[in-house]
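Summary of the model geometry
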Amino acid sequence: MKPILRGKWRLAAGVAYYRGMRHAQWLFGRTRLAREKSSQPLPYVHFSHQTILLRQLQHVEMWMQHNKVKNLRLATACLHGVIIRPGETFSYWKLIGKPTKRKGYVEGMLLSHGRVTAGIGGGLCQLSNLLYWMTLHTPLTVTERHRHSYDVFPDANRTQPFGSGATCFYNYLDLQIENRTSQTFQLCVWLTDTHLVGEWRADMPPTRRYEMIEKEHAITPSIWGGYERSNQLWRNVYAQDGEWLEQQWLTENRAYLMYEPLLPKG
């Protein structure tokens, strides 16, 4: 998976093309997109999770983190309370829209080809990461998710398996989640003083419990230099009484390491 370097004009043309394709899909596609929102939360919490807002990251200035919080506050307001009825699909970017200065978005941290940079709307990947992780703990089906191609930061204080997030880039790197169940689901997301918080709620109580499993994790040297990291994510499915039901394959991840791994000494 050698990284491909392209010129800025090639990149700009590619972005314009794929954004146009996404708009056409939204306009003319047969997918029933979720649009309805409700301020009244559905009664049953299927899964909840929270992630810290301000983290001290290597080579990342804290003003980017503080601006990220401003961007997350705007984006969560677009998603909070959205209803996903049976047969409907949640589209991250369709609901949030394009992050622009006019809407109040500011420059925050972006990851571009493995490098930390600043850009308008930066930091919204924390929200897509949260949504993807929560969805893996529900019967909802992820129909589009893009993995991070670069592993930028070491594992210090990491509490989830490598590759358990979802990168986003307006609008063609989307996160889409389909409701193939007979229940109605609702996404609730908000910010506290310290954390980004999310819940998947439904109109019926959960009947399953999910446990994430990492398999075949490896860090291997690349023939062109550097290291690659890979793994598989699976989940164990349990009944509410704790009875194991099955193990399901979720996804495979591969990423180019942007730091020197701590290899065991021979």
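A brief look at the structure comes next. The structure presented is a predicted model; accordingly, all values stated were derived computationally and were not measured. (Residues numbered from 1 in each chain as written. Predicted model: local features only at pLDDT ≥ 70, side-chain atom pairs only at ≥ 80, totals over all residues. Heavy atoms only, no water.)

In this section: the nonpolar core. Among the nonpolar cores identified, the biggest contains 40 residues, and Leu79, Phe90, Tyr92, Leu127, Leu131 and Leu187 are the most heavily contacted of them. At the level of elements, helix H2 (62-79), helix H3 (92-96), helix H4 (125-135), strand E9 (185-191), strand E10 (195-202) and strand E11 (208-221) are the ones that each hand at least two residues to this core. Among the elements that line this core, the one with the most residues is H4, at 6 residues. Look past the residues within four positions of tyrosine 92 in its chain and what remains in contact with it is Leu79, Leu124, Leu127, Ser128, Leu131, Cys168, Asp174 and Leu175. (Core = buried A, V, L, I, M, F, W, Y, C linked by side-chain atoms within 4.5 Å. Buried < 20%, exposed > 50% of the residue type's maximum accessible area, 1.4 Å probe, protein only. Helix = DSSP H or I, 4+ residues; strand = E, 2+ residues; numbered from the N terminus. Contact = heavy atoms within 4.5 Å.)

With that out of the way, let us pick up the environment of arginine 73. Tracing the backbone through its elements, the reader meets arginine 73 in helix H2. A C-alpha to C-alpha distance of 7.4 Å links arginine 73 and tryptophan 190, two positions 117 residues apart in sequence.

This brings us to the packing of aromatic side chains. In this structure the tally under the stated criterion is 7 aromatic pairs. Between tyrosine 92 and tryptophan 93, the aromatic rings sit 5.1 Å apart at their centres with planes inclined by 75°, giving edge-to-face as the arrangement. The same class applies to tyrosine 92 as to tryptophan 93, namely buried. Pairing phenylalanine 185 with tryptophan 200 gives two aromatic rings, centres 6.5 Å apart and planes at 85°, and the pair type is edge-to-face. A residue pair is termed long-range when its members are at least 10 positions apart, and phenylalanine 185 in strand E9 and tryptophan 200 in strand E10 qualify at 15 residues. Every member of this aromatic cluster is reached through a ring pair, and the members are Tyr17, Tyr18, Phe169 and Tyr172. (Phe/Tyr/Trp six-rings, centres within 6.5 Å; stacked < 30°, edge-to-face > 60°.)

Turning our attention to H4. Across the 11 residues that make up H4, a large majority, 9, are buried. Taken residue by residue, H4 has Gln126, Leu127, Ser128, Leu130, Leu131, Tyr132, Trp133, Met134 and Thr135 as its buried positions.

Here we take up helix H1 (residues 8-28). With 21 residues, H1 extends 30 Å between its outermost C-alpha atoms, agreeing within 8% with the 30 Å of an ideal straight helix rising 1.5 Å per residue. Within H1, burial applies to Val15, Arg22 and Trp26. Within H1, the buried residues cover an arc of 40° as seen down the axis, which keeps them to one side. Across from the buried face of H1, at angles greater than 90 degrees, the exposed residues are Trp9, Arg10, Ala16, Leu27 and Phe28. Residues of H1 that are buried sit in contact with strand E3 (89-91), H3, strand E6 (141-144) and strand E8 (176-178). (Expected span 1.5 Å × (residues − 1). Arc of directions from axis to C-beta.)

We now examine the sheet that holds strand E13 (residues 244-257). Overall, mixed pairing links the 4 strands, which are arranged E7-E13-E12-E11 in an open sheet. For this open sheet the edge positions go to strand E7 (150-151) and E11, each flanked by a neighbour on one side alone. In this structure, E7 lies alongside E13, joined through 2 bridges in parallel fashion. For aspartate 151, the partnering residue across the bridge sits in E13 and is leucine 257. (Pairing = 2+ DSSP bridges.)

Cis rather than trans, the peptide bond between tyrosine 170 and asparagine 171 has omega equal to -15°. Mapped onto the elements, asparagine 171 comes out in the loop between E7 and E8.

We now examine the pairing of E10. When you tally the buried positions in E10, you get 7 out of 8 residues, the bulk of the element. Examined bridge by bridge, strand E1 (residues 44-52) and E10 share 8 bridges and lie antiparallel to one another. Within E10, the residue paired with histidine 49 across the bridge is glycine 198. The pairing of E9 with E10 spans 7 bridges and is classified as antiparallel. Each residue of the ladder has a partner; that of glutamine 186, found in E10, is arginine 201. In textbook terms, the turn of a hairpin is the stretch between consecutive antiparallel strands, and for E9 and E10 this stretch comprises 3 residues.

Here we come to the layout of surface pockets. In this structure, the second largest pocket spans a volume of roughly 260 Å³. Lining the second largest pocket are 14 residues; nearest its centre among them are Leu136, Leu140, Thr141, Val142 and Leu250. Contributing elements (two or more residues each) for the lining of the second largest pocket: H4, E6 and E13. Of the residues forming the lining of the second largest pocket, the biggest block, 4 residues, is contributed by E13. Residue classes in the lining of the second largest pocket are distributed as 8 nonpolar, 4 polar and 2 charged. (1 Å grid on protein atoms, 1.4 Å probe; cavity = no way out; pocket = protein on both sides within 12 Å on 5 of 7 lines; lining within 4 Å. Points joined across faces, edges and corners; volume = space filled by probe spheres on them. Nonpolar A, V, L, I, M, F, W, Y, C, P; charged D, E, K, R; others polar.)

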